[in-house]
Amino acid sequence: MTETEFLALAERTLARIETAFENAVNDTDLDIECSRSGNVLEVEFVDNGSKVIINSQAAMHEIWVAARSGGFHYRYEDGKWINTRDKTELFDALSGIASEQSGLPLQLSA
């Protein structure tokens, strides 16, 4: 994958993640604020002040996630963003992270 292809894919992915969080807000009583600055998406859980930071790393061709539970790297494989360590899929992992940080069961979908 070229850097241009990666950047376009990463941008679409960040937009889908932001939309998934916005849909979660519409489907629950959860108060989440999303903000974007370039290749960085910050998701704040307003009730407890915790954050999840998601950003693209062009040099590595990865999406990185920083959360209370740790830092995670995802590489695009066979049409999905896959964790480089445990092979979990990005949206499944984000669902777990968001559920843990919000205290509510959340299912984010691409």
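A brief report on the enclosed structure follows. (Residues numbered from 1 in each chain as written. Predicted model: local features only at pLDDT ≥ 70, side-chain atom pairs only at ≥ 80, totals over all residues. Heavy atoms only, no water.)

With that settled, consider the overall build of the protein. Assigned secondary structure in the protein consists of two helices and six strands. Written out in order from the N terminus, the α and β elements of the protein read α-β-β-β-β-β-β-α. A compact globule built from 110 residues would reach a C-alpha radius of gyration of about 13 Å, and the protein, at 13 Å, matches this within 12%. Projected onto its principal axes, the C-alpha positions of the protein cover 40 × 30 × 20 Å. Relative to its 110 residues, the protein shows a buried fraction of 37%. A separation threshold of at least 6 residues defines the contact pool for the protein, and within that pool the share at least 24 residues apart is 35%. A total of about 6000 Å² of accessible surface is found on the protein, and carbon and sulfur atoms cover 47% of it. Between the mean site of the 9 positive side-chain charges and the mean site of the 19 negative ones, the protein shows a separation of 7 Å. (Helix = DSSP H or I, 4+ residues; strand = E, 2+ residues; numbered from the N terminus. Rg over C-alpha atoms; globule rule 2.2 N^0.38 Å. Buried < 20%, exposed > 50% of the residue type's maximum accessible area, 1.4 Å probe, protein only. Contact = heavy atoms within 4.5 Å. Areas by Shrake-Rupley, 256 points an atom, 1.4 Å probe, with all protein chains shown as cover. Lys, Arg positive; Asp, Glu negative; His and termini not counted. Charge placed at Lys NZ, Arg CZ, Asp CG, Glu CD.)

With that out of the way, let us pick up the nonpolar core. Core analysis: the largest hydrophobic core is formed by 28 residues, its most contacted members being Phe21, Val52 and Ile54. Put simply, the parts of the chain that give this core at least two residues each are α1 (3-27), β2 (40-45), β3 (50-57), β4 (62-67) and α2 (90-102). A per-element tally of this core places α1 first, with eight residues. Contact partners of Val52, with chain neighbours within four places excluded, come to Leu41, Glu42, Val43, Phe45, Val65, Ala66, Ala67, Leu94, Ile97 and Gln101. (Core = buried A, V, L, I, M, F, W, Y, C linked by side-chain atoms within 4.5 Å.)

A few words now on the sheet that holds β4. Read across the sheet, six strands follow the order β1-β2-β3-β4-β5-β6 without closing on themselves; strand pairing throughout is antiparallel. Strand pairing shows two members of the sheet lacking a second neighbour, β1 (32-37) and β6 (80-83), which therefore form its edges. Neighbour to neighbour, the strand axes of the sheet diverge by 20° on average, direction disregarded. As paired elements, β2 and β3 share six bridges and run antiparallel to each other. Bridging across to β3, Val40 finds its partner in Asn55. Against the sheet, α1 contacts β1, β2, β3, β4, β5 (70-77) and β6, and its axis sits at roughly 160° relative to β1. (Pairing = 2+ DSSP bridges. Axes fitted to C-alpha atoms, helices over the stretch in contact; angles between N-to-C directions.)

What follows covers the pairing of β3. Between β2 and β3, which pair antiparallel and follow one another directly, the connecting turn spans four residues, one of which, Gly49, has a positive phi of 75°. Examined bridge by bridge, β3 and β4 share five bridges and lie antiparallel to one another. Residue Ser56 lies in a different strand from β4, and its bridge partner there is Ile63. Here β3 hands over to β4 after four residues, with His61 in that stretch at a positive phi of 55°.

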